[in-house]
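One-letter residues, chain by chain:
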Amino acid sequence: MHSLTQAGLAVGKLASANKTNYQRHQPEMTLLYQLVEKHYPSFLQHQAIEGRALPDYVQQEFTDFLKCGRLEHGFLRVRCESCHHEKLVAFSCKRRGFCPSCGARRMVETAALLVDEVFPVRPVRQWVLTVPFPLRFLFAAYPELMGKVLCIVTRAISTHLAQQSGYTKREAPTGAVTLIQRFGSALNLNIHFHMLFLDGVYVQRATDRHCFRRTAPPTVEQLHVLLHRISERVARFLERRGILERDEDSSYLTLDGLEEDPLLDIHTYSVTYRVAVGPQKGRKVFTLQTIPPQPEPASDKARVAKLNGFSLHAGVAAKAHQRKKLERLCRYITRSAIAEKRLSLTSNGKVRYELKTPFRNGTTHVIFEPLDFIARLAALVPKPRVNLTRFHGVFAPNSKHRALITPAGRGKGSKQANKEGDDRSFTERHAAMTWAQRLKRVFNIEIETCEKCQGPVRIIACVEDPVVIKKILDHLASKETSAEQATLHPGRAPPQLGLFDA
């Protein structure tokens, strides 16, 4: 019995050791925060001198970022019900531009939602479409056109999958989730589409309405044909809208009204990898090439097609049972624009950013002047009310198949689906993942239990009054100062010479 008790204690210690206690994020200690705090006012002044004030939504992004995670702007009081140990949890800005903390929260929540409630246990393939520089600038200025082009792309891929199975798109629908990414690895504005398609179609039959039939992976030849079809349809659409003009030698965009856009220069220079602010304005961004150039990978293995600035890649897939791989893929697609670990300063005060994957020409770092770095951040901020996650096909909100195919059973006919096999209530099925569950799922951080006594923890107050905030923080600061002074050993007197005379 004694040995069993010791074994149980050992297991308990091991389980508690594997969990990480919650530690408050201190954004003011990060380099990104310090750069924004120091150089953002100068950037605003520079823009005002040039007569190009930032839009309100961009200014709000920077203002809220400087408040994100700071206790001075409000917090929650969290107390253990057993030992009454308290801690403070600061508010977050919940912005979508460049905040790493809120980006990580959104990444975890979106990935968990897609894997748990959207994608059924079926194989999934990622299709990545990048577009030429003019279209990236067009999508940033006119998000509604981006949505129209995305519909053209998803229809072409859905038709391809249906035809591979021997059916039409109407007879064999498929489903997809598009995650629109706005940034490149060099912090440039690069709007492109990450489309997670079911690697097959649902064949509608009288006896089995939702019989899934998997399709073969696309070949390089099929990707080239599909990309040519997509580029031609996009060009015709833009021509009908009067945006694209073609002649015998070239084609170009004719955009009216962009002269009034205050982000015109910032978007243009960010898309084309050029300096937007300072004496080097208009020149290519300085880069560091620290490794030898890499050869182009074999196209048969890469499953990629390129045409006139378009690129279509379909080489990454997850099998039906690889749910963890699918969730990692969703996290990678929805990651934040900036990785703080790869951000540093040079000896002369310039901003150095390390690429996650080196370019094929050997480039591993990009170097920015501080004001140009702030301009890069401003270019990454999306316009308000632009949805960066889109659902297509059987996953669309108005699809009659969604409730019967997705694990959550939401959509048209969801009440019938709930009667047939789901005992959860409407509120339970529509409840979002809590903040504590997000921390525990990805970072293994335990916030619902006390780190001292392992008792239950709950929120007891939401503090937003500046006067109350100041009183509480001053009180905590005085307690910390008293604790530090109490731990200091008292100073000793110098040695007496008379003791050593003998």
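None of the values given here were measured: they were computed from a predicted structure.

A few points about the overall build of the chain
Here is step 1 of the chain: Broken down by element type, the chain carries 16 helices and 19 strands.
Here is step 2 of the chain: Across the 502 residues in the chain, those meeting the buried criterion constitute 43%.
Here is step 3 of the chain: Roughly 27,600 Å² of accessible area belongs to the chain as shown, and the carbon and sulfur atoms make up 53% of that amount.

Focus: helix α11 (residues 370-379)
Here is step 1 of the chain: Within α11, nine of the ten residues are buried, which leaves the element mostly enclosed by the surrounding structure.
Here is step 2 of the chain: Looking only at α11, the buried set comprises Pro370, Asp372, Phe373, Ile374, Ala375, Arg376, Leu377, Ala378 and Ala379.

Some details on helix α3 (residues 56-67)
Here is step 1 of the chain: Between its first and last C-alpha, α3 extends 17 Å over twelve residues, near the 16 Å set by a 1.5 Å rise per residue.
Here is step 2 of the chain: In the core, the buried residues of α3 are packed alongside α2 (31-49), α4 (100-118) and α11.
Here is step 3 of the chain: Directly beyond the C-terminal end of α3, a positive phi value near 80° is found at Gly69.

Focus: the nonpolar core
Here is step 1 of the chain: The biggest cluster of nonpolar side chains holds 44 residues, and the ones touching the most others in it are Trp127, Leu129 and Met195.
Here is step 2 of the chain: Listing elements by their share of this core, those giving two or more residues are β4 (124-130), α5 (133-141), α6 (143-164), β5 (175-183), β6 (189-198), β7 (200-203), α7 (220-240) and β13 (310-318).
Here is step 3 of the chain: Here this core takes ten residues from α6, the largest share from any one element.
Here is step 4 of the chain: Counting residues in hydrophobic clusters, the runner-up holds 42 residues, among them Leu35, Phe98, Ala276 and Ile374.

A closer look at the sheet that holds strand β19 (residues 457-463)
In sheet architecture, strand pairing relies on hydrogen bonds along the backbone and comes in two forms, parallel and antiparallel.
Here is step 1 of the chain: Across the sheet, which stays open at both edges, the three strands sit in the order β3-β2-β19 with antiparallel pairing between neighbours. Two strands in the sheet have a free side with no partner beyond their single neighbour: β3 (86-90) and β19. The average undirected angle you get between the axes of adjacent strands in this sheet is 30°.
Here is step 2 of the chain: Sheet analysis places strand β2 (residues 75-80) next to β19, joined by six bridges and oriented antiparallel. Following the sheet pairing, Phe75 is matched in β19 by Val463.

Thoughts on the confidence of the model for the chain
Here is step 1 of the chain: Of all residues in the chain, 80% have pLDDT values of 70 or greater, and the mean over the chain is 84.
Here is step 2 of the chain: Note on residues 416-421: pLDDT is under 50 here. Beyond four places in sequence and across chains, it has six contacts.

Some remarks on the sheet that holds strand β16 (residues 363-368)
Here is step 1 of the chain: Spatially, β11-β16-β15-β14 is the arrangement adopted by the four strands of the open sheet, whose pairing is antiparallel. Looking along the sheet, the strands with just one partner apiece sit at the ends: β11 (286-289) and β14 (343-345). Here the strands of the sheet are splayed against their neighbours by 30° on average, with no regard to which way each runs.
Here is step 2 of the chain: Pairing analysis gives four bridges linking β11 to β16, with the strands arranged antiparallel. For Leu288, the partnering residue across the bridge sits in β16 and is His365.
Here is step 3 of the chain: On top of the sheet, α2 reaches β14 and β15 (351-354); it is set at about 60° to β14, its chief contact.
Here is step 4 of the chain: On top of the sheet, α11 reaches β14, β15 and β16; it is set at about 105° to β16, its chief contact.

Observations regarding the pattern of salt bridges
Here is step 1 of the chain: Summed over all chains, the structure comprises 15 salt bridges.
Here is step 2 of the chain: Close ionic contact of Arg105 with Glu109 constitutes a salt bridge, the shortest N to O distance being 3.4 Å. Of this pair, Arg105 and Glu109 both sit in helix α4, four residues apart, which is roughly one turn of the helix.
Here is step 3 of the chain: Judged by its relative accessible area of 22%, Arg105 is partly exposed.
Here is step 4 of the chain: Residue Glu109 is classed as partly exposed on the basis of its relative accessible area of 23%.
Here is step 5 of the chain: Its salt-bridge partner being Arg214, residue Asp199 comes within 3.9 Å of it at the nearest N-O pair. Here Asp199 is found in the loop between β6 and β7, whereas its partner Arg214 is found in strand β8 (residues 211-214), with 15 residues between them in sequence.
Here is step 6 of the chain: Judged by its relative accessible area of 48%, Arg214 is partly exposed.
Here is step 7 of the chain: Residues joined in a network through salt bridges with shared partners are Glu50, Arg52, Asp265 and Lys281.

Regarding the environment of Ala317
Here is step 1 of the chain: With respect to the element layout, Ala317 can be found in strand β13.
Here is step 2 of the chain: Sequence spacing of Ala317 and Pro217 is 100 residues, and the spatial spacing of their C-alpha atoms is 9.2 Å.
Here is step 3 of the chain: With residues up to four places along the chain from it excluded, the contact list for Ala317 reads Val124, Arg125, Gln322 and Lys325.

Notes on unusual backbone geometry
Here is step 1 of the chain: In this structure, Tyr273 is a non-glycine residue whose phi angle is positive, near 60°.
Here is step 2 of the chain: Tracing the chain through its elements places Tyr273 in the loop between α8 (264-271) and β11.
Here is step 3 of the chain: Although it is not a glycine, Arg385 adopts a positive phi angle of roughly 60°.
Here is step 4 of the chain: Tracing the sequence through the fold places Arg385 in the loop between α11 and β17 (389-393).

The rules behind the values
- Residues numbered from 1 in each chain as written.
- Predicted model: local features only at pLDDT ≥ 70, side-chain atom pairs only at ≥ 80, totals over all residues.
- Heavy atoms only, no water.
- Helix = DSSP H or I, 4+ residues; strand = E, 2+ residues; numbered from the N terminus.
- Buried < 20%, exposed > 50% of the residue type's maximum accessible area, 1.4 Å probe, protein only.
- Areas by Shrake-Rupley, 256 points an atom, 1.4 Å probe, with all protein chains shown as cover.
- Expected span 1.5 Å × (residues − 1).
- Contact = heavy atoms within 4.5 Å.
- Core = buried A, V, L, I, M, F, W, Y, C linked by side-chain atoms within 4.5 Å.
- Pairing = 2+ DSSP bridges.
- Axes fitted to C-alpha atoms, helices over the stretch in contact; angles between N-to-C directions.
- pLDDT = per-residue confidence, 0-100.
- Salt bridge = Lys/Arg side-chain N within 4 Å of Asp/Glu carboxyl O.

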